[in-house]
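An overview of the molecular structure
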Amino acid sequence: RGWYLRALRDGGALMTGLDTSALQLEAAREYLGPEAPLVRATMLSLPFAAKSFEFAYVINVLHHLPPERQLEALGQVASVVSPGGLVFVHEMNPINPLFRFYLGYVFPILKGIEEGFETYLDPRQIENVPGLELRALHYFSFMPDFVPARLLGVLTPMERRLERSLLARFSAHFLAIYTRTTTP
């Protein structure tokens, strides 16, 4: 919906947003304005020249693809990033003990996005991506999206401690950071 694109753009990055959903792109255009560079396409067939970006940020997309196509999609992303560039993959963490409850019951009621056929990546199994070398894996966010704002101030310090603890791997999200290698 453009939230991450705006934050990165406001930080000085030149950004292009991509989604397969016309409705998501329409919402992003409303949020970002009519001049925002947005493209309707799929990760399996990116409409960009090879090596045309310094980095890519893939946010909660891969789980919407069949498992056998997820690495292929990351390979497509790798192809449009210059060697030495970064690829960030942000996904929900199926290792979280509340994952099935949250995504199978709570999230569909509150958000209505998940359709029931998604395949979530286990962050421990995404190291061998052609053209990408895994540099870091960060786990973050233990609080669900529906925590009341008034509780955030109280719960945030506890969440930060959990993110730095041995329990971090059970967080709700993960971020895999890759470097684009010189050979795919």
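The written sequence of each chain sets the order in which its residues are numbered from 1. In view of the model being predicted, local features appear only for residues whose pLDDT reaches at least 70, and side-chain atom pairs are presented and counted only at 80 or more, with totals across whole chains, interfaces and linings using the full set of residues. With hydrogens and water set aside, each side-chain value is computed from the structure's full complement of heavy atoms.

**Quick look at the pattern of salt bridges**
We count a salt bridge whenever a side-chain nitrogen from Lys or Arg sits within 4 Å of a carboxyl oxygen from Asp or Glu. The full count for this structure, using the stated rule, is four salt bridges. The salt bridge partner of glutamate 72 is arginine 69, with a shortest N-O separation of 2.7 Å. On the criterion of helical spacing, the pair formed by glutamate 72 and arginine 69 is a turn pair, its members being three residues apart in helix H3 (residues 67-79). Here arginine 69 falls in the partly exposed class, since its relative accessible area comes to 31%. The closest approach of N and O atoms between glutamate 163 and arginine 160, which form a salt bridge, is 3.1 Å. Of this pair, glutamate 163 and arginine 160 both sit in helix H5 (residues 149-163), three residues apart, roughly one helical turn. Each of Glu159, Arg160 and Glu163 takes part in salt bridges that share partners, so that together they form one network. We count a stretch as a helix when DSSP gives it H or I for four or more residues in a row; a strand needs E for two or more, and each element gets its number in order from the N terminus. Working definition: with a 1.4 Å probe on protein chains only, accessible area under 20% of the residue-type maximum means buried, over 50% means exposed, and in between means partly exposed.

**Regarding the nonpolar core**
We call a set of buried Ala, Val, Leu, Ile, Met, Phe, Trp, Tyr and Cys residues a nonpolar core when their side-chain atoms join them within 4.5 Å. Core analysis: the largest hydrophobic core is formed by 24 residues, its most contacted members being Leu62, Val77, Val87, Val89, Leu132 and Tyr178. The greatest single-element share of this core, amounting to four residues, is contributed by H3. Pairs of residues are marked as contacts when any of their non-hydrogen atoms sit within 4.5 Å. Each residue touching valine 87, except ones within four places of it in the same chain, is listed here: Ala56, Val77, Val81, Leu132, Ala176, Ile177 and Tyr178. By size, the runner-up hydrophobic cluster in this structure holds eight residues, among which are Leu5, Leu25, Ala28 and Ala36.

**Examining a nonpolar patch on the surface**
Residues Trp3, Tyr4 and Tyr31 make up a contiguous nonpolar surface patch of roughly 340 Å² in combined accessible area. Take tryptophan 3: its relative accessible area is 53%, and that puts it in the exposed class. Patch building starts from residues that exceed 30% relative accessible area and form no salt bridge, then joins like charges within 9 Å and nonpolar side chains (Val, Leu, Ile, Met, Phe, Trp, Tyr) within 5 Å. Each accessible area value is a Shrake-Rupley result obtained with a 1.4 Å probe; residue values ignore everything except the protein chains displayed when judging cover.

**Topic: the packing of aromatic side chains**
Two aromatic rings are characterised by how far apart their centres lie and by the angle between their planes. Stacked, edge-to-face and tilted are the three classes for Phe, Tyr and Trp ring pairs, Trp counted by its six-membered ring, which pair at centre distances within 6.5 Å; planes under 30 degrees apart are stacked, over 60 edge-to-face, the rest tilted. Counting across every chain of the model gives four aromatic pairs. Put simply, the rings of Tyr4, Phe55, Tyr57 and Phe88 pair up and form one aromatic cluster. For the cation-ring pair, arginine 6 lies above tyrosine 31, with the distance from its terminal atom to the ring centre recorded as 4.2 Å. Our definition puts a charge over a ring when NZ of Lys or CZ of Arg is within 6 Å of the ring centre and also within 35 degrees of the ring normal.

**A closer look at the sheet that holds strand E5 (residues 132-140)**
The strands making up a sheet are joined through hydrogen bonds of the backbone, oriented either antiparallel or parallel. Read from one edge to the other, the open sheet built from four strands follows the order E3-E4-E6-E5, with strand pairing classed as mixed. Across the chains shown, the open sheet's two edge strands, defined by having one partner strand only, are strand E3 (53-59) and E5. Along the sheet, successive strands turn relative to each other by an average axial angle of 15°, direction set aside. Throughout, an axis means a line fitted to C-alpha atoms (over the contacting stretch in the case of helices), and angles, computed between N-to-C directions, take values from 0 to 180 degrees. Relative to strand E4 (residues 81-92), H3 is tilted by about 145°, and along the sheet it contacts E3, E4, E5 and strand E6 (173-180). Between any two strands, at least two bridges found by DSSP are needed for them to pair.

**Details of helix H2 (residues 22-32)**
Within the span of H2, buried status applies to Leu25, Ala27, Ala28 and Leu32. Viewed end-on, H2 has its buried residues packed into an arc of 160°, placing them on one side of the element. The exposed residues of H2 that point more than 90 degrees off its buried face are Leu23 and Glu30. At the N-terminal boundary of H2, the capping side chain belongs to serine 21, with an oxygen 3.3 Å from the backbone nitrogen of leucine 23. In the segment just after H2, glycine 33 is the residue with positive phi, at about 105°. Of all possible arcs, the one meant is that of the directions from the helix axis to the C-beta atoms. Pairs of N or O atoms are called polar contacts if they sit within 3.5 Å, as long as, within protein, a hydrogen donor faces a hydrogen acceptor (for residues adjacent in sequence, only side-chain-to-side-chain pairs).

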